[in-house]
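Summary of structural features
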Amino acid sequence: MCSEEQSCTNPSCFFCTLKEPEPSLRKVGIANCFKEMPLTDQQDHVLVLSGLWHVAMTHPDDPEFPSLGIFKCMANLISKGINDRNWLLKDQNIYIPYYAAHVIGSYTMNKVEFAEMAVQQGVILPLMELLRGKISWVEQRVAVRALGHLASYEKTFEAVAVYEEEVVKLAVKLASTCLEVVYVNFVGVKNMNKRVKYHCDLLTRGVGDSEMEDRKAEEWASQLQCWCLYLLNCFACKERSLSLICKQDFLRKLCGMWGGLVNHSSPAGIGLVRILCYSKDGRKSIAESKDIIENLCNLSRSSDDWQYMGIDCLLLLLKDQYTRYKVFDIIALFIIDLVELGRLGDRPYFGEAITKVLLLDYKQSKLKFKNQKVQKALQDVWNLKVERRRKEKLLCEEKLEEKRVIVGLIKQQANQMFWLGEIEEALAKYSEALELCPLKLRKERMVLYSNRAQCHLLLREPDCAISDSTRALCLSTPPNSHSKSLWRRSQAYDMKGLAKESLMDCIMFINGCIKSGVTKRVKIPYYAARMISKQMDATWLFATARSKATSSQARIKVKEPEGDYECNNDEQQRGEMMRVMMVNKDFLSGLSTIIEEPLLVKEVNRRKVERARRRSKKAVIARSM
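Treat the numbers as computed from the prediction; the structure is a model and nothing was measured. (Residues numbered from 1 in each chain as written. Predicted model: local features only at pLDDT ≥ 70, side-chain atom pairs only at ≥ 80, totals over all residues. Heavy atoms only, no water.)

Details of helix 10 (residues 137–151)
- In this model helix 10 runs 20 Å from its N-terminal to its C-terminal C-alpha over 15 residues, within 8% of the 21 Å that 1.5 Å per residue would give.
- Burial runs high along helix 10: 15 of the 15 residues are buried. (Helix = DSSP H or I, 4+ residues; strand = E, 2+ residues; numbered from the N terminus. Expected span 1.5 Å × (residues − 1). Buried < 20%, exposed > 50% of the residue type's maximum accessible area, 1.4 Å probe, protein only.)

Quick notes on the nonpolar core
- F34, M74, L127, F250 and I286 are the most contacted members of the largest nonpolar core, which has 148 residues in total.
- If near-sequence neighbours (up to four positions away) are discounted, L127 is found in contact with I78, A101, I104, A143, A146, L147 and L150.
- Counting residues in each nonpolar core, the second largest holds 21 residues, with L486, M508, I514 and I532 among its members. (Core = buried A, V, L, I, M, F, W, Y, C linked by side-chain atoms within 4.5 Å. Contact = heavy atoms within 4.5 Å.)

Some words on the environment of I275
- Assignment of secondary structure puts I275 in helix 17 (residues 268–277).
- Along the backbone, I275 and K238 are 37 residues apart, and their C-alpha atoms lie at a distance of 9.4 Å.
- Ignoring sequence-local partners within four residues, the contact set of I275 consists of N233, A236 and C237.

Examining the confidence of the model for the protein
- Residues at a pLDDT of 70 or more form 85% of the protein, whose mean pLDDT is 86.
- In the model, residues 1–5 has pLDDT below 50 throughout and makes six contacts with residues more than four positions away in sequence or in other chains.
- Low confidence marks residues 553–624, where pLDDT is under 50. Its contacts with residues over four positions away, or in another chain, come to 105 contacts. (pLDDT = per-residue confidence, 0-100.)

A closer look at the layout of surface pockets
- Approximately 1,100 Å³ is the volume found for the largest pocket.
- Around the largest pocket sit 32 residues that line it, and I336, D337, D380, S467 and R471 are the ones nearest its centre.
- In the lining of the largest pocket, the residues fall into 12 nonpolar, six polar and 14 charged. (1 Å grid on protein atoms, 1.4 Å probe; cavity = no way out; pocket = protein on both sides within 12 Å on 5 of 7 lines; lining within 4 Å. Points joined across faces, edges and corners; volume = space filled by probe spheres on them. Nonpolar A, V, L, I, M, F, W, Y, C, P; charged D, E, K, R; others polar.)

Overview of the packing of helix 14 (residues 210–236) against helix 17
- In the contact formed by helix 14 and helix 17, the axes pass within 9 Å of each other and the chain directions differ by 10 degrees. What the angle tells us is that helix 14 and helix 17 run roughly parallel. In this structure, helix 14 uses C226, L229, L232, N233 and A236 to contact helix 17, whose residues at the interface are A268, G269, G271, L272, I275 and L276. (Axes fitted to C-alpha atoms, helices over the stretch in contact; angles between N-to-C directions. Parallel < 35°, antiparallel > 145°, perpendicular 65-115°, else oblique.)

Things to note about the pattern of salt bridges
- Summed over all chains, the structure comprises 37 salt bridges.
- The residue R274 makes a salt bridge to D312 at a minimum N-O spacing of 3.0 Å. Of this pair, R274 sits in helix 17 while D312 sits in helix 20 (residues 307–319); the two residues are 38 residues apart in sequence, bridging distant segments of the chain.
- On the accessibility criterion, R274 (17% relative accessible area) is buried. (Salt bridge = Lys/Arg side-chain N within 4 Å of Asp/Glu carboxyl O.)

Here you go:
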């Protein structure tokens, strides 16, 4: 690389070529640089690649470099790194394959014409070599990203499909094992000197500490998994290689692939499941996996961003006559709680669509179910959505108001019983009020369901609490916005050990607390902070990998340091994840004024937990109403 004070002696210097004022000479010079770069051995190659990476990231639609042969240059550099180990380990050449694959992925991200150029210039075979793990997981990440972009276009899909069986098998294996690989080989290595240096430099651009390295490694591991699933999506949506994708072992693992809190935009595992549900063979395989069905049911009754995808999958399974009666006994008991759901995102009348699918051939199909709970569930839906709606259409305004008054009186009686600790009696009264309350009074019915959910919580009946709080959240405007119901469902999911669902509801609950705050200094309830701390540890992206590494000493390459280092590091990670979580869930930017984030849980507990423990059971009940 040359400087302004000293003239450059290299006639093919890439940076000097970029400064050439004559356009035609500049193009010829750049094209020559791309041709010569893989053939020469200069120390400034890594600087050139770093610059090209930056240009590709910031201007992925600029046609200049793609038209001048950048893809062939990148492909040759990757091949050189794989085939010439001595060159790869010389100077800083170890960085070059990563940058080269990243450049290919960035330029093929948006434009099919660039993807066609890339295929014609031979990028697929070098990318396949990286995907096979010829260097490390860091290069696999950018290789699977680039291959996913190429497979997403009709004109270049077949070029990737030449290696179809291998690509699918590698993507399935990598999606299943990448978190463990990243944890064992990087995050779990607590001795910073034992970590691969160029991995650390790429993760933090050479300016971060170990905490930033761990955070970025978690983000990259999530991306690696999600991009593998995206590549599989490209084949699944064409109903290709379904026999490889729909193996039961992989489908079970697919349930837990959600990307973690660092995942901003990818639907991850649920996205692939929905694609599979659009095909007959895919639905057949999904219907045979009880784990996936239960996971979809839990997702459909959560405040997860991908809730609508879970509902879509369940409805597709119920519409198919082959799978309907295999899964109905499980699904019906969950989605009956969603029949009054209004608009969800850009989907209006979602509850009506669910009702139609549940009541499909109602009079004939109900005889096929021997499960009495399912029969009762169908009957309840019929009574609620058909019979009651028909009767209430005949009600005049006076009768409607009369019923409102009666329901209010019964609710007051229920509240009084609740305050007196007569929980079962209060529950019966809330049920009585719900039977009388007209369907039009959505707000009143929301409160009744939510209060009944609290009764179920105190009676240690988490399933009923989840059902009632879900019904309350369906009646809220917008859906999933009633704070008390969110908190109650979060507690119920915690009782059942469903950490992710509990965490999502708790996040939304805190979000509601912040948005409803009248002062700049919003206080997060201590009990919610404790719940989030607990569930973030349970749902940490590397939680399973950490558990495996702990139980199998053969997988631990470096002994953990003694003392309180690990505890302190975990505390910092929880604080940092709280920050990421709040960004992902659109929390107010002013939250940072509340308390220092890395010590959030510790500080809240220090100030409040002692006082809270002294509260009586009656005071706790009073607060929850």
